[in-house]
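One-letter residues, chain by chain:
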Amino acid sequence: MDAVTDLTNSLENRLRDRLGAAALMRLRAGESVFWPDPDVLAADEALAPAPTATELAAPAPATASATGAATATTPATAAAAAAARAPSQYPVLGAADIADATERLRRFAPYLALVFPETERTLGVIESPVVAVPSLQQRLSESLNLSGVSADAAAPSPDRASAGHAGASMASAGTIDRTQTGRAQLSSTQPGMSLPGTPLPGNLWLKLDSRLPISGSIKARGGIYEVLRHAESLALDAGMITTRDDYRRFADPAFTEFFARHSVSVGSTGNLGLSIGIMAAKLGFSTTVHMSADARQWKKDRLRHDGVEVLEYEGDYSTAVAAGRERAQGDPLAHFIDDENSPSLFLGYAVAAHRIKAQFEALDVVIDEEHPLFLHLPCGVGGGPGGITFGAKHAFGDAVHCVFVEPARSPSMLLGLASSLDDQIDVHAAGLDNVTAADGLACARPSGFVAHTVRHLVDACATVPDAHMFELLALLHDSEGIDIEPSSTVGIDSFVRLASLPADDPYRLRMRLTDERMARATHVAWATGGSMVPAAEMAAYIARGR
């Protein structure tokens, strides 16, 4: 079966079964879809180490049902739990790897504070604020407009339902209506959603990675971390430093001259290339960024200004990655940072979850199963949201629920997870063109490594049309005075959809999300970029949204 180029009958049936016929139709039309993933497992099951052959052969233990009563694990859920831990071609990561990444960033903090003055205030820690946005939440509640018809949904299988893992329950389409004054109103076809003016339950926050120092996007986490990890490895192997030394030495001429003999390269739609290019050039590496046609011109200009070689390709993100990977092969002094398969990038993002936990503790925001946390994460190839999800499940356990949100014409992770094909399917197979204003999320094919690693950790996937992103961007600007990239707004849409679900929705029942728990919930829409967007371009975004 050539799943990459054609939807065969078996794949068509698989997606229809998992998504529902109406949702699959809307997906192909580039409309909004919200798909609760029936494969999500309890955190301790999904994060458990790979079992031995003896453990795999042992009888399935009893588990607790959604009501708390002990029930025998069904064959379906036993197989899912085993699959979540089974050995694979991908590296197996754990809490120790996150701790190692955290410690490495601590060692480099004095160096970062030295060479990037914007990090002096945080002592070299690359971190962003998390802020409540009550005015935005109020405006969202006021503009929510119920119109449309019932969404078709896939029915749960008996095994999933009995184990508390009912099948996909809801996939809703959404549009934007305008009043006579031109004000944007959210429109949804999901029956039972909150009526206009009804307060959306819980509390909405923004995680402003758009204000991360150095490169102004979430990619400052994974991209900068991988470059630092590579530089440290080279310096340690060369005997130039030990982990007990003062890492400000990395700014010495001897180090920059040493790194100049080595090269770093990456394929990118924009923000990852910006983060890696700035950091690698600062250390002294010969740096090349392979950029796809949909990358913004100002990002290319900024990289060239910093002495980075930028190579442009007519194709999409995957084309740029393949070209970069091929060029680096065979050169022992070249390090290609592979966004599709890099554990280092993934772990750089994972550190963020433990930091946001500390931020909420400092703010006296309680996160537990009675006060659930929802993370609404923009998703492209998957490294950023995947790493954050992995870290969040280690930090919060079952108190956190993660949603991946993609452009409606680039839902690569949704297709990869729903089909169980991971990176062996791309959006063109579903008749989509991968053309989106959300350039950082324009990925036709998801990361196989990420899809495999987080398959049983993600609560849901959602899609958002481009036009809606600009509406939300303008609404955020007008209500809170906060400006972010179009791609960063998709988590806000996910919040509205999830917070509007009725109490009897199968997803809420499966996750035991009672009205009381939803009222106490904390929602974080992860704003992944925007502070480096030129003022004229941001003004054009806002005008388009209005």
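Scroll up for the structure.
Here goes a summary of the coordinates provided. (Residues numbered from 1 in each chain as written. Predicted model: local features only at pLDDT ≥ 70, side-chain atom pairs only at ≥ 80, totals over all residues. Heavy atoms only, no water.)

## Some remarks on the sheet that holds strand β15 (residues 460–464)
- In space, the seven strands of this open sheet follow the order β1-β15-β14-β13-β16-β8-β4, with mixed pairing throughout. The sheet is open, and its two borders are formed by β1 (33–36) and β4 (130–132), each paired with just one other strand. Sheet twist, expressed as the average angle between the axes of neighbouring strands with direction ignored, equals 20°.
- Relative to strand β14 (residues 400–407), strand β13 (residues 373–378) runs parallel, the two being bridged by six bridges. Looking at β14, one finds that proline 378 is bridged to valine 405. (Pairing = 2+ DSSP bridges. Helix = DSSP H or I, 4+ residues; strand = E, 2+ residues; numbered from the N terminus. Axes fitted to C-alpha atoms, helices over the stretch in contact; angles between N-to-C directions.)

## Describing the pattern of salt bridges
- According to the stated counting rule, one finds 30 salt bridges in the structure shown.
- One network of salt bridges, in which partners are shared, links Glu127, Lys207, Asp209, Arg221 and Arg355. (Salt bridge = Lys/Arg side-chain N within 4 Å of Asp/Glu carboxyl O.)

## Let's talk about helix α13 (residues 317–328)
- Compared with an ideal rise of 1.5 Å per residue, which puts twelve residues at 16 Å, α13 spans 17 Å between its outermost C-alpha atoms and is within 8% of the ideal.
- Listed as buried for α13 are Tyr317, Ser318, Ala320, Val321, Ala323, Gly324 and Ala328.
- Where α13 is buried, its residues contact β9 (263–268), β10 (286–291) and β12 (334–337).
- Positive phi shows up at glycine 330, right after α13, with a value of about 85°. (Expected span 1.5 Å × (residues − 1). Buried < 20%, exposed > 50% of the residue type's maximum accessible area, 1.4 Å probe, protein only. Contact = heavy atoms within 4.5 Å.)

## Describing the packing of aromatic side chains
- Tallied over the entire structure, the rule returns 15 aromatic pairs.
- Centroid distance tyrosine 90 to phenylalanine 449: 6.0 Å. Interplanar angle 50°. Geometry classified as tilted. You can see tyrosine 90 sitting in the loop between α5 (75–85) and α6 (95–115) and its partner phenylalanine 449 sitting in helix α17 (residues 448–454), a full 359 residues away along the chain. Phenylalanine 449 shares its class with tyrosine 90; the two are buried. (Phe/Tyr/Trp six-rings, centres within 6.5 Å; stacked < 30°, edge-to-face > 60°.)

## Some thoughts on the side chain of serine 410
- By the secondary structure assignment, serine 410 is in the loop between β14 and α16 (412–419).
- Leaving out residues up to four positions away in the same chain, serine 410 has contacts with Val427, Asn434, Val435, Thr436, Leu441, Ala442 and Cys443.

## Some thoughts on the packing of helix α11 (residues 271–283) against helix α12 (residues 297–305)
- Across the interface, α11 lies against α12 with an axial gap of 10 Å and an inter-helix angle of 10°. As judged from the angle between their axes, α11 and α12 are roughly parallel. Listed contacts from α12 to Asn271, Gly273, Leu274, Gly277 and Ile278 of α11 are Trp298, Lys299, Arg302 and Leu303.
- Taken together, the residues of the contact of α11 with α12 break down into four nonpolar, three polar and two charged. (Parallel < 35°, antiparallel > 145°, perpendicular 65-115°, else oblique. Nonpolar A, V, L, I, M, F, W, Y, C, P; charged D, E, K, R; others polar.)

## Overview of the nonpolar core
- Counting 113 residues, the largest nonpolar core has Phe250, Leu283 and Leu375 as the members making the most contacts within it.
- Sorting elements by how many residues they give to this core places helix α14 (residues 343–362) first, with ten residues.
- Apart from residues lying up to four places away in sequence, leucine 283 is in contact with Tyr111, Val227, Leu228, Ala231, Phe250, Phe255, Thr256 and Phe259. (Core = buried A, V, L, I, M, F, W, Y, C linked by side-chain atoms within 4.5 Å.)

## Looking at the sheet that holds strand β11 (residues 309–312)
- Overall, parallel pairing links the four strands, which are arranged β11-β10-β9-β12 in an open sheet. The two strands at the open ends of the sheet, each matched to only one other strand, are β11 and β12. Strand-to-strand twist of the sheet, defined as the mean angle between neighbouring strand axes without regard to direction, takes the value 20°.
- Where β9 meets β10, six bridges bridge the pair, whose relative direction is parallel.

## Let's talk about the packing of helix α7 (residues 134–143) against helix α19 (residues 490–499)
- Close contact between α7 and α19 brings their axes to 11 Å; oriented N to C, the two are set at 55°. What the angle tells us is that α7 and α19 run oblique. The interaxial crossing formed by α7 with α19 has right-handed handedness. Note on element contacts: α19 touches α7 through Ile492, Phe495 and Val496, opposite Leu136, Gln137 and Leu140. (Left-handed = near helix turned anticlockwise from the far one by under 90°.)

## Focus: helix α15 (residues 383–396)
- With 14 residues, α15 should cover 20 Å at 1.5 Å per step; its first-to-last C-alpha distance of 19 Å lies within 8% of that length.
- A large share of α15 lies buried, amounting to 13 of its 14 residues.
- Looking one or two residues past α15, glycine 397 carries a phi angle of roughly 60°, positive in sign.

## Some thoughts on empty space enclosed by the protein
- Throughout the structure, instances matching the rule amount to six cavities of 30 Å³ or more.
- Its boundaries defined by the atoms lining it, the largest cavity holds a volume of some 230 Å³.
- If you trace the largest cavity, you find 23 residues lining it, with Ile218, Lys219, Gly380, Gly440 and Leu441 closest to the centre.
- Looking at the lining of the largest cavity, the elements with two or more residues in it are α11 and α15. (1 Å grid on protein atoms, 1.4 Å probe; cavity = no way out; pocket = protein on both sides within 12 Å on 5 of 7 lines; lining within 4 Å. Points joined across faces, edges and corners; volume = space filled by probe spheres on them.)

## Structural notes on unusual backbone geometry
- For serine 420, which is not glycine, the phi dihedral falls at a positive 65°.
- Within the secondary structure, serine 420 is located in the loop between α16 and α17.
- One non-glycine residue, asparagine 434, lies in positive phi territory at about 60°.
- Given a relative accessible area of 4%, asparagine 434 falls into the buried group.

## Some details on the side chain of glutamate 232
- Position of glutamate 232 relative to the elements: it lies in helix α9 (residues 219–237).
- Given a relative accessible area of 3%, glutamate 232 falls into the buried group.
- Ignoring sequence-local partners within four residues, the contact set of glutamate 232 consists of Arg104, Arg107, Phe108, Thr243, Tyr247 and Phe250.

## So, the state of the cysteines
- Counting across every chain of the model gives zero disulfides.
- With no disulfide of its own, cysteine 461 lies closest to cysteine 379 among cysteine sulfurs, the gap being 7.0 Å. (Disulfide = S-S within 2.5 Å.)

## What about the environment of valine 92?
- Residue position: valine 92 is located in the loop between α5 and α6.
- Looking at valine 92, the relative accessible area reads 63%, which means it is exposed.
- Residues valine 92 and leucine 47 lie 45 residues apart in sequence; the distance between their C-alpha atoms is 9.8 Å.

## A word on the pairing of β13
- Of all six residues that make up β13, six are buried, and the element is covered over most of its length.
- Where burial is concerned, the two faces of β13 agree: the one with Leu373, Leu375 and Leu377 and the one with Phe374, His376 and Pro378 are both buried.
- One crossover worth recording links β13 to the parallel β14 by way of α15, and it is right-handed.
- Pairing geometry for β13 and strand β16 (residues 522–527), over four bridges, is parallel. Bridging across to β16, leucine 375 finds its partner in valine 524. (Right-handed = clockwise from strand over helix to strand, strands pointing away.)

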